[in-house]
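Architecture at a glance
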Amino acid sequence: MQTIEAEGHQWPLDTFIDSHRYQRTASETPAIVRSDWPVSCVTKDCRIIERPAGHAPWHDVIAYRAPDLSSRLAECPACGDVAEIASSLLVNEDGTLILDCPACGHDNFEDYW
């Protein structure tokens, strides 16, 4: 069983990743790599590193999280890039967050309002 040292303890690797809400990377590099958002990454050799997303060693990353990913960022439905959720935190009728994507210009406010 692999372990990781964090918060002054030795954690089972999978327990740490799951309990701290890290997103596991699949064989694909996540869209957040195209941003400078700060990310915390777990590497293949069980270390935690913090870097801007565009500077993380994604070839060695097995899981990552952005500090406020659940409340500030979402995946753009048009291009798949990571975009900041509108400051008003509006939600459409089906519960989807409304965002404005700087990468492709998609603004899904018009889709719902």
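Structural data are supplied above this passage.
As a starting point, this report considers the structure included with it. Just so it is clear, the structure is predicted and the values come from calculations on it, not from any experiment. (Residues numbered from 1 in each chain as written. Predicted model: local features only at pLDDT ≥ 70, side-chain atom pairs only at ≥ 80, totals over all residues. Heavy atoms only, no water.)

Within the protein chain, the regular secondary structure consists of 3 helices and 8 strands. The linear arrangement of helices and strands in the protein chain, starting from the amino end, is β-β-α-β-β-β-β-α-β-β-α. Here the protein chain holds 113 residues, and 38% of them are scored as buried. A fraction of 36% describes how many contacts in the protein chain between residues 6 or more apart in sequence connect residues 24 or more apart. Carbon and sulfur atoms make up 47% of the accessible area of the protein chain, which totals about 7,100 Å². (Helix = DSSP H or I, 4+ residues; strand = E, 2+ residues; numbered from the N terminus. Buried < 20%, exposed > 50% of the residue type's maximum accessible area, 1.4 Å probe, protein only. Contact = heavy atoms within 4.5 Å. Areas by Shrake-Rupley, 256 points an atom, 1.4 Å probe, with all protein chains shown as cover.)

Attention now goes to the pattern of salt bridges. The tally for this structure, following the rule as stated, stands at 3 salt bridges. Measuring nitrogen to oxygen at the nearest pair gives 2.9 Å for the salt bridge that ties Arg-24 to Asp-18. Since its relative accessible area comes to 44%, Arg-24 is described here as partly exposed. Residue Asp-45 is joined to Arg-47 by a salt bridge in which the shortest nitrogen-to-oxygen separation is 3.0 Å. One continuous salt-bridge network, built from bridges that share partners, spans Asp-14, Asp-18 and Arg-24. (Salt bridge = Lys/Arg side-chain N within 4 Å of Asp/Glu carboxyl O.)

Turning our attention to the pairing of strand β2 (residues 9-12). Pairing geometry for strand β1 (residues 3-6) and β2, over 4 bridges, is antiparallel. The partner of Glu-5 across the bridge, within β2, is Gln-10. (Pairing = 2+ DSSP bridges.)

This next bit is on the packing of aromatic side chains. Evaluation of the coordinates by the stated rule reveals 3 aromatic pairs. Between Phe-16 and Tyr-22, the aromatic rings sit 5.5 Å apart at their centres with planes inclined by 40°, giving tilted as the arrangement. Taking 5.4 Å as the distance between ring centres and 80° as the angle between the ring planes, the aromatic pair formed by Trp-58 and Tyr-64 counts as edge-to-face. Judged by relative accessible area, which is 11%, Trp-58 ranks as buried. (Phe/Tyr/Trp six-rings, centres within 6.5 Å; stacked < 30°, edge-to-face > 60°.)

In this section: the sheet that holds strand β4 (residues 38-43). Sheet architecture is open: 4 strands sit in the order β3-β6-β4-β5, paired in antiparallel fashion. The outermost strands of the open sheet, each flanked by one partner alone, are β3 (23-24) and β5 (48-52). As paired strands, β4 and β5 are joined by 5 bridges and run antiparallel to one another. Counted as the bridge partner of Ser-40 is Glu-50 from β5.

Turning our attention to the environment of Ser-40. By secondary structure assignment, the location of Ser-40 is in strand β4. Sequence separation between Ser-40 and Arg-65 is 25 residues, and the spatial gap between their C-alpha atoms is 5.4 Å. Among the polar contacts listed, one links the side chain of Ser-40 to the side chain of Tyr-22, at a separation of 2.6 Å. (Polar contact = N/O pair within 3.5 Å; in protein donor to acceptor, adjacent residues only side chain to side chain.)

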